[in-house]
Amino acid sequence: MFKKDLQTAPKQKLKSSVQRSLRQSLLTTYPLLTPHIDEVLPKKASLSSIKLPDRNTLYVVDSVTPLFFQQDAAGLVPHLRLVHRFPRAFPSVRIDRGAIRFVLSGATLMAPGLTSAGGRLPPDGSPKGLEEGKELEQHVDEDGRWSRELVKGEPVVIMAEGKEEACAVGFLVEGTAEVKAKGKGPVVEEAHFLGDGLWNLVLD
């Protein structure tokens with residue numbers, strides 16, 4: 001989505017009512033950010049939006065810290081800099097070493113990169129989707145597996161075998177339970193990866 005370098009567009013300061021709405025939307029989508037929300041979006045901070053190509057909008061705090069972006073009315077997707085600050089707050093899958101170069105070129109993530117020995121999908125028998133009342137219980141285990149099955153359309157963070165920090169974020173085009181059953185086909189449509197135009201965007 002952001003393979004090319006991006007030009008800095010004018011920032012637009014958001015009204016406090018819009019900021020409150022975005023804050024709530026962020027917590028609904030990523031409940032594990034709840035303990036950190038005042039660090040992510042301080043109450044006295046200024047939240048601005050920047051228009052990006054392909055009908056995307058980037059949200060930044062105090063003009064310099066990118067938080068998340070959104071295409072049209074789709075869900076909020078965390079910027080990788082936010083993911084690196086709070087890596088356990090976002091649902092994730094892990095790719096094997098062989099898939100890293102493809103992901104870092106913006107390719108659609110295919111099932112073999114996740115179903116191989118180095119890949120990580122949620123454990124078999126995990127609950128499917130976000131269970132009401134149990135939002136704060138989801139987590140990544142010691143083996144690098146998310147505690148619930150992720151469903152089609154959910155934003156997901158892509159971790160990589162042997163690497164500490166996330167390398168991409170995108171949307172699931174297939175639920176993780178279906179990926180395990182099929183073992184082939186596209187899984188994640190990348191929205192943003194390390195080294196892309198959004199990562200390299202200079203905010204001042």
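Residues numbered from 1 in each chain as written. Predicted model: local features only at pLDDT ≥ 70, side-chain atom pairs only at ≥ 80, totals over all residues. Heavy atoms only, no water.

As recorded in an unreviewed UniProt entry, the chain goes by the name Translation machinery-associated protein 20, listed as coming from Cordyceps militaris. Reading the Subcellular location (unreviewed entry) entry of the UniProt record for the chain gives the comment "Cytoplasm". (UniProt positions renumbered as here; feature names shortened; annotations may be inferred.)

(A) How the structure looks around the nonpolar core. Ranked by size, the top nonpolar core spans 63 residues in total, and within it Leu-33, Val-40, Leu-58, Phe-90 and Ile-95 carry the most contacts. With 5 residues, the top contributor of residues to this core is strand E8 (residues 155–160). A domain-level breakdown of this core finds at least three residues from each of domain 1 (11–85) and domain 2 (92–193). When near neighbours in sequence (up to four residues on either side) are disregarded, Ile-95 contacts Ile-100, Val-103, Leu-109, Gly-113, Leu-114, Gly-118, Gly-119, Ile-158, Met-159, Ala-160, Glu-161 and Cys-167. (Core = buried A, V, L, I, M, F, W, Y, C linked by side-chain atoms within 4.5 Å. Buried < 20%, exposed > 50% of the residue type's maximum accessible area, 1.4 Å probe, protein only. Helix = DSSP H or I, 4+ residues; strand = E, 2+ residues; numbered from the N terminus. Domains from an automatic or database assignment. Contact = heavy atoms within 4.5 Å.)

(B) Summary view of the sheet that holds E8. Pairing within the open sheet is mixed, and its 5 strands lie in the order E6-E8-E9-E10-E7. Lying at the two open borders of the sheet, with one neighbouring strand each, are strand E6 (92–95) and strand E7 (109–110). Direction of pairing for strand E9 (residues 168–172) relative to strand E10 (residues 186–193): antiparallel, over a ladder of 5 bridges. By the bridge assignment, Ala-168 is partnered in E10 with Phe-193. (Pairing = 2+ DSSP bridges.)

(C) Expanded view of unusual backbone geometry. Here Asp-54, not a glycine, exhibits a phi torsion of approximately 60°, which is positive. Mapped onto the fold, Asp-54 is located in the loop between strand E2 (47–52) and strand E3 (56–61). Judged by relative accessible area, which is 47%, Asp-54 ranks as partly exposed. A positive phi angle is found at Arg-55, which is not glycine, with a value near 60°. Looking at where Arg-55 falls in the secondary structure, it is placed in the loop between E2 and E3.

(D) Examining the pairing of E8 more closely. Among the 6 residues in E8, 6 count as buried, and that is most of the element. The alternating pattern of E8 places Pro-155, Val-157 and Met-159 and Val-156, Ile-158 and Ala-160 on opposite faces, both of which are buried. Here 4 bridges tie E6 to E8, and the two strands are oriented parallel to one another. When the bridges of E8 are listed, Val-93 appears paired with Ile-158. Note that E8 and E9 share 4 bridges and pair antiparallel. Residue pairing across strands places Val-156 opposite Gly-170, the latter belonging to E9.

(E) Highlighting the UniProt feature "domain: PUA" (unreviewed entry) in the chain. Residues annotated by UniProt as "domain: PUA" (unreviewed entry) correspond here to residues 92–123. End C-alpha to end C-alpha, residues 92–123 measures 13 Å, and it is 34% helix and 19% strand.

(F) Molecular detail of the side chain of Gln-138. Tracing the sequence through the fold places Gln-138 in the loop between helix H5 (112–115) and E8. Of note is the side chain of Gln-138, whose polar atom sits 3.1 Å from the backbone oxygen of Glu-135. Only 3.3 Å separates the side chain of Gln-138 from the side chain of Trp-146, close enough to count as a polar contact. In this view, Gln-138 contacts Pro-31, Leu-32, Pro-91, Leu-130, Trp-146, Ser-147 and Arg-148; residues no more than four positions away in its chain are not counted. (Polar contact = N/O pair within 3.5 Å; in protein donor to acceptor, adjacent residues only side chain to side chain.)

(G) Here's a closer look at the environment of Asp-96. Relative to the assigned elements, Asp-96 resides in the loop between E6 and helix H4 (97–103). The class of Asp-96 is buried, set by a relative accessible area of 16%. Measuring from C-alpha to C-alpha, the distance between Asp-96 and Thr-57 comes to 31 Å, with 39 residues separating the pair along the chain. Other than its neighbours up to four places away in sequence, Asp-96 contacts Pro-112, Gly-113, Ser-116, Gly-118, Gly-119 and Glu-161.

(H) Structural detail: the domain arrangement of the chain. With domains assigned, the chain is organised as domain 1 (11–85) and domain 2 (92–193). The tally of links between domain 1 and domain 2 comes to 2 residue pairs in polar contact (both at pLDDT 80 or more). Elements with a contribution of two residues or more to the side of domain 1 that touches domain 2: strand E5 (77–78) and helix H3 (80–85). For the side of domain 1 that touches domain 2, the leading source of residues is H3, giving 3 residues. Tallied by class, residues from the side of domain 1 that touches domain 2 come to 9 nonpolar, 5 polar and no charged. (Nonpolar A, V, L, I, M, F, W, Y, C, P; charged D, E, K, R; others polar.)

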